[in-house]
Amino acid sequence: MLKKSITELEKLAEDIREQILETVSKNGGHLSSTLGATELILGMHTVFDSLKDPFIFDVSHQSYAHKLVTDRLEEFHTLRQYGGISGYTKPSESPHDYYVSGHSSTSISLAVGAAKAIRIRGEEGDRVPIAFIGDGSMSAGMVYEALNELGDRKYPIVILLNDNEMSIAKPIGAISRMLSQAMAGRFYQKLKSGTEEVLKHLPDSATYLAKKFEESFRLITPGVMFEEMGIEYIGPIDGHNLESIIETLELAKSMKKPVIVHAQTLKGKGYEYSEGYLEHWHGVSPFDLETGKSLKKSSKKSATQIFSEEMLRIAEEDSKVVGITAAMPSGTGLSSLLEKFPNRFWDVAIAEQHAVTSSGPLAKEGFKPFVAIYSTFLQRGYDQVIHDICLANLPVKFAIDRAGIVGEDGETHQGVFDLSYLRPIPNMTLFAPRDEVSFRSGIEFAKDFPTPISFRYPRGSFLDDGEFPETPWKLGKAQILKEGNEKMLFVGYGNGVGRAIQTSKLLKRDIAILDLRFLKPLDIELLKELSEKYTKWYIFSDSAKAGGVGSAIQELGLGIEVTSFEYGDKFITHGKTKDVEESLELLPEQLAKKIDF
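In this text the structure is predicted, and so the values were computed from the model without any measurement.

Chemist: Explanation requested: the sheet that holds strand S15 (residues 488-492) in the structure shown.
Modeler: Either a parallel or an antiparallel arrangement is found when strands of a sheet pair, and the pairing is made through backbone hydrogen bonds. Spatially, the 5 strands line up as an open sheet ordered S14-S16-S15-S18-S19, and their pairing is mixed. The open sheet has two edge strands, strand S14 (479-482) and strand S19 (561-564), and neither has a second partner. Across the sheet, the mean angle separating the axes of adjacent strands is 25 degrees when strand polarity is ignored. Packing against the sheet, helix H19 (residues 496-507) makes contact with S14, S15, strand S16 (512-515) and strand S18 (536-540), and its axis sits at approximately 145 degrees to S15.

Chemist: For this particular structure, what's the right way to read the pairing of strand S8 (residues 321-325)?
Modeler: A regular strand places its side chains so that they alternate between the two faces of the sheet. Among the 5 residues of S8, 5 are classified as buried, and the element is accordingly described as predominantly covered. Bridge count for S8 against strand S10 (residues 368-374) is 5 bridges, and the pairing is parallel. Across the sheet, the residue bridging to Val 322 is Pro 369, located in S10. Two elements, S8 and strand S9 (residues 345-347), share 3 bridges in a ladder whose sense is parallel. Within S9, the residue paired with Ile 324 across the bridge is Trp 346. For the crossover that starts at S8, traverses helix H13 (residues 335-340) and ends in the parallel S9, the hand is right-handed.

Chemist: Please clarify how a nonpolar patch on the surface should be interpreted in this entry.
Modeler: Side chains of Tyr 98, Tyr 99 and Val 100 sit close together on the surface and give an oily, nonpolar patch of about 280 Å² of accessible area. By secondary structure assignment, the location of Val 100 is in the loop between helix H4 (64-69) and helix H5 (107-120). Residue Val 100 is classed as partly exposed on the basis of its relative accessible area, which comes to 47%.

Chemist: I would appreciate a short explanation of the sheet that holds strand S12 (residues 429-431) in the present structure.
Modeler: Within the open sheet, the 7 strands sit side by side as S9-S8-S10-S11-S13-S12-S17. Their pairing is mixed. Across the chains shown, the open sheet's two edge strands, defined by having one partner strand only, are S9 and strand S17 (518-520). Between one strand axis and the next, the sheet turns through 20 degrees on average, direction left out of account. Summarising the sheet, S10 and strand S11 (residues 397-401) pair through 5 bridges and their orientation is parallel. Each residue of the ladder has a partner; that of Tyr 374, found in S11, is Asp 401.

Conventions used here
Along each chain, numbering runs from 1 in the same order as the chain's sequence is written. Since the coordinates come from a predicted model, pLDDT governs what is reported: local features require at least 70, and pairs of side-chain atoms require 80 or more to be given and counted, while whole-chain, interface and lining totals use all residues. The basis for every side-chain value is the complete set of heavy atoms in the structure, and neither hydrogens nor water enter the calculation. Paired strands, as defined in this entry, are two strands with at least two bridges between them according to DSSP. By definition, any uninterrupted DSSP run of H or I lasting at least four residues is a helix, any uninterrupted run of E lasting at least two residues is a strand, and each is numbered from the N terminus. To obtain each axis, a line is fitted to C-alpha atoms, and for helices this fit is confined to the stretch in contact; angles are then taken between N-to-C directions over 0 to 180 degrees. The criterion used for residue contact is that any of the two residues' heavy atoms lie within 4.5 Å. Think of it in three bands: residues with accessible area under 20% of the maximum for their type are buried, residues over 50% are exposed, and the middle band is partly exposed, with areas taken using a 1.4 Å probe on protein chains only. Seen with the strands pointing away from the viewer, any crossover whose path from the first strand over the helix to the second strand runs clockwise is right-handed. Residues enter a patch when their relative accessible area is above 30% and they make no salt bridge; the linking distance is 9 Å between like charges and 5 Å between nonpolar side chains (Val, Leu, Ile, Met, Phe, Trp, Tyr). Exposure was quantified through the Shrake-Rupley algorithm and a 1.4 Å probe, taking into account, for residues, occlusion by the shown protein chains and nothing else. Within this document, salt bridges are pairs made up of a side-chain nitrogen of Lys or Arg and a carboxyl oxygen of Asp or Glu, the two lying within 4 Å of each other.

Laid out in structure tokens, this is it:
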């Protein structure tokens, strides 16, 4: 716990922001949210003990100040680097990190689970879970599943709601501000407790009137929803006023019941370029501290940029094209379409299940919905893909961004599993482009496809620069890029085709290369034909080995020797993509040494 005066804590907040800015400007990372959360985190560490009380950060991308005040100051310069500290909470990194995190809206469920364990162990008076959650995370249904149980069972939990966009509740005029400030004090909480005690002893008629007065009082305060669920509400408070934060957290901790403390903060506080709601500063690449300008330079178009351009083209030509993203309009490339076609493209917030299910009726009504989503986040809508889309065999198009290794975000964000979890689903078609040309034509192919279809593409640029001419997309048909004189065949899928081409060039041998194009259905006829000529097959795909491309080919029983260069059975750590691939021995120069002639 921190034992410092308010003046000392304010100075510490300034120092922390300077350290965060210095490191993130060099390494990249999440910036605006973590700058805005600094005082709240210092308040947590003043009132609670992170070695005893479960500190649970939702997503945890805003936990940099937490890392700095625990035991990682000396290592902080390694943030998000290979072999360095993670950009998220990670118990294997520090005992101060209670739980691994990286996806949204899990914190209250985790706090409820921790509170159950604390009660069973008889430690309820000694340990109090505190969940730190942003207002954006409150859009996901899992939050309300947890609140529903919490309001019924009344576990002592403090939920610190970091409202940096005022999307949960805006102060309603001067009266609301006055009431909210009053509600944050001990006087109001004592008055409320006393009133509840008095109500127990009043006759029914008086009790009815008193309760009506209390309900009317609460209806003009921002916390009515939470209190209706049986959870005490305090706030909103100034999330940058350390004295107010500490006093409020001490009060909430002492109440021995579930409490939401609503704090309003400014995103990016302390760095003028990032202050306010500017999506660009949520997650950043290295930048110049003086000017705020990015230092990242890329001459090649990213796959996301290609997707964005092509979607804009087909949306202009076909009024039935619609699109959905779950809180990632910029990341998925749909921002421009949301602006140009606000009645046909929607950001549904952090609600992947809803995003998937709501696309079904759009397809049923004759529209052509594209669900643009990261590979790692589609995991959160898996049941909906099966039950609400594929079971009904509806023509929803899943545009799966960030397939493969995504770099510095690490284990929780690597796009590793989508092929393995989508391939077994009946009615689902899977394909992957290898370069810009095949991607553009592939989007056109998917647009009019009559049943569920998914296509995946990498973060950043394609490895293949378009070296081989493209053939039109035809369901279940692969493309032979190059015949060879050796007894081996390089089979590439998606961005893996580029890796196969690069590896082949290093070997300086006449090796056949196949662009698989479709994982489901496979081009069985061509694969059987190739198995008679080539007996050693090497698989190149940025996907999990279990249930992946190599597995699908081996299931055909072609009598060939298959070696897969897909990812093994372990979670993949964070770091620059090249560093991570080198650690997995997946760089072309490393793969070339594994080829057995």
